[in-house]
Amino acid sequence: MIDADLKPPPVLHPGQSLESVTNQITGLVMPRPIQRTWIIGFGIGSVLIMVLGYSVCWLISQGVGVWGINMPVAWGFAIVNFVWWIGIGHAGTFISAMLLLMRQDWRTSINRFAEAMTLFAVACAGMFPLLHLGRPWVFYWLIPYPNTMKLWPQFRSPLVWDVFAVGTYLTVSLIFWYVGLIPDFATMRDRAKTKPAWLIYGCLSLGWRGASRHWKRYQTAYLLLAGLAAPLVISVHSVVGMDFAAALVPGWHSTIFPPYFVAGAILSGFAMVLTLAIPLRAIYKLQNLVTLRHIDNCAKLMLITALIVSYGYGMELLAGWYSGNPFDSFVSQNRMFGPYAWSWWTIMTCNVMVPQFLWFRSIRRSVPTMFFICILIQIGMWTERFVIVITSLHREFMPSGWGAYEPTRFDWSTLLGTMGFFLAGFFLFIRFIPMISMSEVRELVHTSNGGRHEPTDFEPKYVD
Amino acid sequence: MAAVTNPLILSRNMSTEATPKPPDTQHLYGLAARFGTPQAVLAAARTINQHGYQRVEAYTPYAVKGLAEALQFHATGIPLIVLAGGLLGCLGGFLMLWYANVISYPLNIGGKPLNSWPAFIPITFEMTVLGASLFSLFGCLALNGLPQPYHPMFKAPRFELATQTDFFLCIEASDPRFNLAALHALLESTGPIEIVEVPW
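Keep in mind it's a predicted model, so treat the numbers as computed, not measured.

Asker: Sorry, what's going on with the overall build of chain A here?
Answerer: Across its full length, chain A carries 15 helices and zero strands. The C-alpha atoms of chain A give 23 Å as radius of gyration, which agrees with the globular expectation for 464 residues (23 Å, within 12%). Taking the principal axes of the C-alpha coordinates as reference, chain A spans close to 75 × 55 × 40 Å. In chain A, 81% of the contacts between residues at least 6 apart in sequence involve partners at least 24 apart.

Structure, rendered in structure tokens:
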């Protein structure tokens, strides 16, 4: 037995009961809360979706020339944004799958909205390569299907691996999210006050009634899904890394890319989780469920992944110098002192220096500071992808083939538009779906109370 | 008690003790007890199981550890289904790649062999995960008999609490040992909040 004062701080604030968590979480959806913050947030998202629609229509009618891409820099913002968005998605799966397998029960309060974040982020990511195709309406040529042209995709190309990786990732994330939601939809059905709500949540719950045999099969299936999703999340960004590493371009052709991409993805993903969690817990008064311990733990994971990413930056410089390859060492020089030097120094600041503050516990537990750090890290991670894509391509081997890249306003409006898509989708999610897994928090209430249904006998160490 | 749970002895008991059900249980789906704590429902489930009842089910707002086992439910059958899905995805995925690149549309890429299997691994892996995940979802739903829009338990009084705060234990009327009066007394001894009859 462990002494009471050696126990880790409780995940939930003490004094929660099955009734209180059920009331609190369903209360966010039913009865309908009229909140100005929601209307403003959803409104901004909707306006930006219109910006996205306009940008996409203009792109399709005029061709990809409306973007800033040109011959040396053919990838541009589309691929920068793709890698950034899909990286953000990774934290959702990491929280739900990896931490579930490692029995980190603190994940319970944040996994639902982290998974929703994954789905919307992957949807945003998926748009970019499709739009970048130039003829997005024939995107299905990427998928193997029996066709009259008697052609198959070129399966030895990492770009085709990407289609499978991202497609599988979206499908599995959706399955995982939905399976987790089934018991909560049943709760919503049983609390529904109106016939349409009862009908809709009833259909979504598939007639779940919480039978113990069902729970047993459900838990086995959920655990197996987690076991499948955990290597999947590693594979997805590894494949994205291989999109670059399989090319011969200096600055891309490196074996460190897959792990370095995965660490960067998890770093930006956790930054996004906190960027969403910090305002949500304040607006919806969830401080008793999403506690400082959650923010603290996410910050520690960010620190670790930031250190891995920093190691990646260091290795790139070392490889440039140690390989003796003039093209490789030129890439390092060009990144640090070339025309895009501002971007390289931005990532050094945001991804290497800023995360060092996370060593300090007082900073990890200061909510406004954490919010600010998360925003900086997201800017840093977006810039990192900018550095990888743009600075490598714009000066490759032959100086006669060098060029420059400048994003147009349609590059920016498309990026902004997908942010709106993400925002609006997320606001719809928090409006209609319980944003915290009730069935899992109930179990946590049970274990947090030491297996007894009475308040704990030790005070929480950290109350905000 | 152990002898009672032996199915052979139980069936012999059935043949000697089986009496026609009283008419008032004809319209019953079962007798359910409502509990306020997971410990209570777990203890009651053990008691009911020890008395040899077989058609028993508990309904809980979250997965109570040990409850399914207390009701003699051990093997879920899910892992084998997921394994089958994974194997199907793995073999199907690899065969598709091999057929496309070796048989249907041989394409020389950088002088590599047509069956360059290392390059097929990522897609094979993704198809394995996809197959296993789809089988896991649909296998779990199929074994649980979901979607099932109607179930007699939904008519039990206060059953809406089973997905929120309370724990139900229901002994179905189709159980060979089902006897309303005896069962009522037995359930009463386990200390429920209330005991309700569940109509068909």
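Asker: Looking at this structure, I do not really get the environment of A:Asn297. What am I missing?
Answerer: On the secondary structure map, A:Asn297 appears in helix α9 (residues 292-322). Residues A:Asn297 and A:Trp106, 191 residues apart in the sequence, show an inter-C-alpha distance of 8.8 Å.

Asker: I would appreciate a short explanation of the nonpolar core in the present structure.
Answerer: Core analysis: the largest hydrophobic core is formed by 186 residues, its most contacted members being A:Val273, B:Ala45 and B:Leu169. For B:Leu169, the contacting residues outside a window of four places in its chain are B:Ala32, B:Ala33, B:Phe35, B:Val41, B:Ala44, B:Ala45, B:Ile48, B:Val56 and B:Ala58.

Asker: Whenever I open this one, the interface of chain B and chain A confuses me. Can you help?
Answerer: By a frequent convention, interface size equals the accessible area lost on bringing the separate parts together. Opposite the 53 residues of chain B that make contact, chain A presents 49 residues. Counting only elements with at least two residues in the side of chain B that touches chain A, the list comes to β2 (56-59), α4 (67-70), α5 (78-104) and α6 (121-143) of chain B. Per element, the largest residue contribution to the side of chain B that touches chain A is 13 residues, and it comes from α6(B). Of the residues contributing to the side of chain B that touches chain A, the split by class is 36 nonpolar, 14 polar and three charged.

Asker: Looking at this model, I keep getting lost on the packing of helix α4 (residues 111-132) of chain A against helix α5 (residues 158-191) of chain A. Mind explaining?
Answerer: To characterise two packed helices, one gives the angle between the axes of the helices and the distance between these axes. Residue and element names in this part refer to chain A. Viewed as axis vectors pointing N to C, α4 and α5 meet at an angle of 155°, and their least axial separation amounts to 10 Å. With respect to α5, the axis of α4 lies roughly antiparallel. For the pair α4 and α5, the crossing hand works out as left-handed. Residues Arg112, Glu115, Ala116, Thr118, Leu119, Val122 and Gly126 of α4 lie in contact with α5, whose contacting residues are Val166, Tyr169, Leu170, Ser173, Leu174, Phe176, Trp177 and Gly180. Here the residues of the contact of α4 with α5 are counted per class, giving nine nonpolar, four polar and two charged.

Asker: I would appreciate a short explanation of the sheet that holds β2(B) in the present structure.
Answerer: Neighbouring strands of a sheet are bound in pairs by backbone hydrogen bonds; such pairs are parallel or else antiparallel. Residue and element names in this part refer to chain B. Taken in spatial order, the four strands line up as β2-β3-β1-β4 in an open sheet, and their pairing is antiparallel. Looking at the sheet topology across the chains shown, the edges are occupied by β2 and β4 (194-199). Strand-to-strand, the axes of this sheet are offset by a mean angle of 25°, without reference to chain direction. Pairing geometry for β2 and strand β3 (residues 167-172), over four bridges, is antiparallel. Each bridged residue has a counterpart across the sheet, and for Tyr59 the counterpart in β3 is Phe168.

Asker: Would you take a moment to explain unusual backbone geometry for this structure?
Answerer: Among all residues except glycine, the phi angle is most often negative; among peptide bonds, the trans geometry is most common. In this chain, B:Leu146 is followed by B:Pro147 through a cis amide linkage whose omega measures -5°. Within the element layout of this structure, B:Pro147 appears in the loop between α6 and β3. Despite not being glycine, A:Lys150 has its phi angle at roughly 55°, a positive value. For B:Arg158, which is not glycine, the phi dihedral falls at a positive 65°. Locating B:Arg158 in the fold gives a position in the loop between α6 and β3. The exposure class assigned to B:Arg158 is partly exposed, which follows from the 13 C-beta atoms found within 10 Å.

Asker: Where do I start with α6(B) in this structure?
Answerer: Every α-helix carries 3.6 residues per turn, so stepping three or four residues along brings you back to the same face. All names here are of chain B. Spanning 23 residues, α6 covers 32 Å between terminal C-alpha atoms, matching the ideal 33 Å at 1.5 Å per step. Taking burial as the measure, the 23 residues of α6 include 17 buried ones, the bulk of the element. A positive backbone phi angle near 70° is found at Gly145, which sits one or two residues after α6.

Asker: Would you mind going over the packing of helix α3 (residues 76-101) of chain A against helix α7 (residues 212-245) of chain A with me for this structure?
Answerer: Residue and element names in this part refer to chain A. Their axes nearest at 8 Å, the elements α3 and α7 cross at an angle of 155°. Accordingly, the angle class assigned to the pair α3 and α7 is roughly antiparallel. Of the two possible hands of crossing, α3 and α7 adopt the one that is left-handed. Within the contact between the two elements, α3 uses Val83, Ile86, Gly87, His90, Thr93, Phe94, Ser96, Ala97, Met98, Leu100 and Leu101 and α7 uses Ala226, Gly227, Ala229, Ala230, Val233, Val236, His237 and Val240. The class makeup of the residues in the contact of α3 with α7 is 13 nonpolar, six polar and no charged.

Asker: Even after reading the chapter, I still don't get the pairing of strand β1 (residues 28-35) of chain B, so can you show me in this structure?
Answerer: Along any regular strand the residues' side chains alternate between the sheet's two faces. All names here are of chain B. For β1, the tally of buried residues reaches six of eight residues, placing the bulk of the element in the interior. As paired elements, β1 and β4 share six bridges and run antiparallel to each other. Bridge assignment links Ala33 to a residue of β4, and that residue is Ile195. Examined bridge by bridge, β1 and β3 share six bridges and lie antiparallel to one another. When the bridges of β3 are listed, Ala32 appears paired with Cys170.

Here is what the cut-offs are and how they apply
- Residues numbered from 1 in each chain as written.
- Chains lettered and ligands numbered in written order.
- Predicted model: local features only at pLDDT ≥ 70, side-chain atom pairs only at ≥ 80, totals over all residues.
- Helix = DSSP H or I, 4+ residues; strand = E, 2+ residues; numbered from the N terminus.
- Rg over C-alpha atoms; globule rule 2.2 N^0.38 Å.
- Contact = placed C-beta atoms within 7 Å.
- Core = buried A, V, L, I, M, F, W, Y, C linked by C-beta atoms within 7 Å.
- Buried ≥ 20, exposed ≤ 12 C-beta atoms within 10 Å, placed from the backbone.
- Nonpolar A, V, L, I, M, F, W, Y, C, P; charged D, E, K, R; others polar.
- Axes fitted to C-alpha atoms, helices over the stretch in contact; angles between N-to-C directions.
- Parallel < 35°, antiparallel > 145°, perpendicular 65-115°, else oblique.
- Left-handed = near helix turned anticlockwise from the far one by under 90°.
- Pairing = 2+ DSSP bridges.
- Expected span 1.5 Å × (residues − 1).

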